[in-house]
Amino acid sequence: MQEPEVAGAYKNEALQPLNVDVWRNTLMESPTAENLILMVEALFPRGQGVDAVRLVIELVSLHPTKTTLVMAAAGMISKYTTRHDIVATLMRNILLHEPNNLTARMFLADAIIANGDITGGCKIFSEIMKQHPSQRTTLCEHIAMSLLEAGYPMEVLQILTVWLKVMEPTAALLNNMGCALDRLGQSSLAVSCYEQAISLAPQQHYPHLGYALALLKSGNFQKGWQHYVRRTPVTNGIQWWFLSLPRLGHGDDLAGKKVILYQEQGLGDTLQFIRSLPYLLDRGAKVTVVTVSPLLRLLELSYPEVTIRKIMDFGPEEHYDYAAPIPDLPYIAGVMSKSDIPAPIPYLRADTVDIARFAAIIPPRRPRIGLVWAGERRVQSKDVAADKRRSTTLAQMGAALCPINATLVNLQFGAPRSETTQWQGQSLFDPMGEVRDMADTAAILESIDLLISVDTSPVHLAGALGRPVWLVSRWDACWRWGDTGDTSPWYPGMRIFRAREKSFDPVLREVGAALQEWVKSWKAD
């Protein structure tokens, strides 16, 4: 199934830690699957995942024969962690006293595949098919989904191509085939599969987002945005008060209207789509942008005529007419083709004082090349898998790019920044200890001659500032970069290097060779 770009930007911003002992007492008194699920869903968004897993393991160890409870525990661990080994152990324990539990056997196969043993997982699926021939279609749907989640779209495509020649199609099978094709860079073919899936099950929600993203990836913005805005906004389970307002759409009267644009999905989505904000202002709207801490100051500097509020502090207020998630902006503003993308670059701005402050500490030798090798660390297992597909390591990137006759500057933030302490290669200047937010990162980028980055928010920031940026795109490229080509209509200063396999090594060697030539021909402004 096609997944949206992950929403992690405002996790924990509006949620306070909970008393774990209270939850433990509740579970000990009433060890039900419902209470276990409530506990996990409450603790994980608050950054208390370790406590949640400990409670889950403690509870199922006390009640190993309560199948419903153990299945719920496995489901929650599978959803929120990558501890597929724990899930497999739980399923094996169920099968000890219920050897014919079909759901447990399928869940075990899923976990084994997710843990990297494709042969072992598929062997279990094959055995189940022989024993339950009436369930073959459901099992095929399950196998396809497991392999997709594990990162094997080519194998899924091969299986489903053979299957659909001899068996009746289902919406789930066609949806999985669409997802496989999309990940393999064949979005136009994916569109056709999604359309067939929707025709078979028009009331099912799951094909629609994949369909929208495949349309967008194939360049059909007009139809793609129309379907994209039908999604339910991703808010990490938080019911913000403004979600009850009418959702702003294309063609709505904006003159004198008060509009809330709110953070949805990742930081990069906001950085990419906020460019259409002037469309609302030009039509007389009074706009309040509600976002997360890292973006506050950057947006205040870039749009001084707009009210910018921190989402966790934005309490109920009256007299607003509309609300919309920021990724809806291209649809609202009528970006129906690549030529409609707002052209003014830069549309984001750094503070001049910050620019001077960082320029004073960055080594003077030029060219200066910024490096970002990983995205934000995720929590939910499906999001962790997506992050692994887009991220590499400093060691891997550095080995391909160095040595280089230039100053290297670290722009990696978050947990992967710790890799700099183990780096033994060419000198890497690291100013990120002085960075408070995206406005500071923008200020650093104004002193960088070229950013080389995997697909994460600094790519969008550099593009929006008009700075040269090389994107190292994962093999199953995000919809916004299309299937082919080395340029992007979103950012004129971008060059795209596309991985063609799961390993980043070949594409990074390509980047390294191009960088040597770039440095030779580089000239100061």
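Everything here concerns the structure above.
Definitions and cut-offs
- Residues numbered from 1 in each chain as written.
- Predicted model: local features only at pLDDT ≥ 70, side-chain atom pairs only at ≥ 80, totals over all residues.
- Heavy atoms only, no water.
- Salt bridge = Lys/Arg side-chain N within 4 Å of Asp/Glu carboxyl O.
- Helix = DSSP H or I, 4+ residues; strand = E, 2+ residues; numbered from the N terminus.
- Buried < 20%, exposed > 50% of the residue type's maximum accessible area, 1.4 Å probe, protein only.
- Pairing = 2+ DSSP bridges.
- Contact = heavy atoms within 4.5 Å.
- Axes fitted to C-alpha atoms, helices over the stretch in contact; angles between N-to-C directions.
- Expected span 1.5 Å × (residues − 1).

1. Structural notes on the pattern of salt bridges
In step 1: In this structure the tally under the stated criterion is 25 salt bridges.
In step 2: Residues Arg297 and Asp354 are paired through a salt bridge, measuring 2.7 Å at the closest nitrogen-oxygen approach. One end of the pair, Arg297, is in helix α16 (residues 293-302); the other, Asp354, is in helix α18 (residues 352-359), with 57 residues separating them in the sequence.
In step 3: By relative accessible area, which is 5% here, Asp354 ends up buried.
In step 4: A salt bridge links Asp449 to Arg366; the nearest nitrogen and oxygen atoms lie 2.5 Å apart. On the criterion of sequence distance, the pair formed by Asp449 in the loop between α21 (438-445) and β8 (450-454) and Arg366 in the loop between α18 and β5 (368-372) is long-range, its members being 83 residues apart.
In step 5: The class of Asp449 is buried, set by a relative accessible area of 6%.
In step 6: Ionic contacts of the salt-bridge type, sharing partners, join the residues Arg297, Asp354, Arg357, Arg436, Asp437 and Asp440 into one network.

2. Observations concerning the sheet that holds strand β9 (residues 469-473)
In step 1: Taken together, the six strands give an open sheet; going across it, the order is β7-β6-β5-β8-β9-β10, and neighbouring strands pair in parallel fashion. Every other strand in the sheet has two partners, leaving β7 (428-429) and β10 (494-498) as the edge strands with one partner each.
In step 2: Helix α23 (residues 505-521) contacts β5, β8, β9 and β10 of the sheet and is inclined by roughly 165° relative to β9.

3. Observations regarding helix α4 (residues 67-80)
In step 1: Taking 1.5 Å per residue as the helical rise, α4 with its 14 residues ought to reach 20 Å, and the 20 Å between its terminal C-alpha atoms agrees with that figure.
In step 2: Counting buried positions over the 14 residues of α4 gives 10, a clear majority of the element.
In step 3: For α4, the set of buried residues is Thr67, Leu69, Val70, Met71, Ala72, Ala73, Ala74, Met76, Ile77 and Tyr80.

4. Here we look at the sheet that holds strand β2 (residues 286-291)
Neighbouring strands of a sheet are bound in pairs by backbone hydrogen bonds; such pairs are parallel or else antiparallel.
In step 1: If you walk across this open sheet you meet the four strands as β3-β2-β1-β4, and the pairing is parallel. Across the chains shown, the open sheet's two edge strands, defined by having one partner strand only, are β3 (307-310) and β4 (322-325). Strand after strand, the sheet turns through a mean of 25° between neighbouring axes, direction not considered.
In step 2: Across four bridges, β2 lies against β3 in parallel orientation. Following the sheet pairing, Thr291 is matched in β3 by Lys310.
In step 3: This element, α16, spans β2 and β3 of the sheet and lies at about 165° to β3.

5. Topic: the environment of Phe504
In step 1: Mapped onto the secondary structure, Phe504 falls in the loop between β10 and α23.
In step 2: The exposure class assigned to Phe504 is buried, which follows from its relative accessible area of 3%.
In step 3: A sequence separation of 107 residues divides Phe504 from Met397, and the C-alpha atoms of the two residues are 8.4 Å apart.
In step 4: Leave out the neighbours within four places in its chain, and Phe504 touches Arg389, Arg390, Ser391, Thr392, Gln396, Val472, Ser473 and Arg474.

6. So, the side chain of Thr270
In step 1: Residue position: Thr270 is located in helix α14 (residues 267-273).
In step 2: Not counting residues within four places of it along the chain, the set of residues in contact with Thr270 comprises Gln263, Leu295, Leu299 and Ile326.

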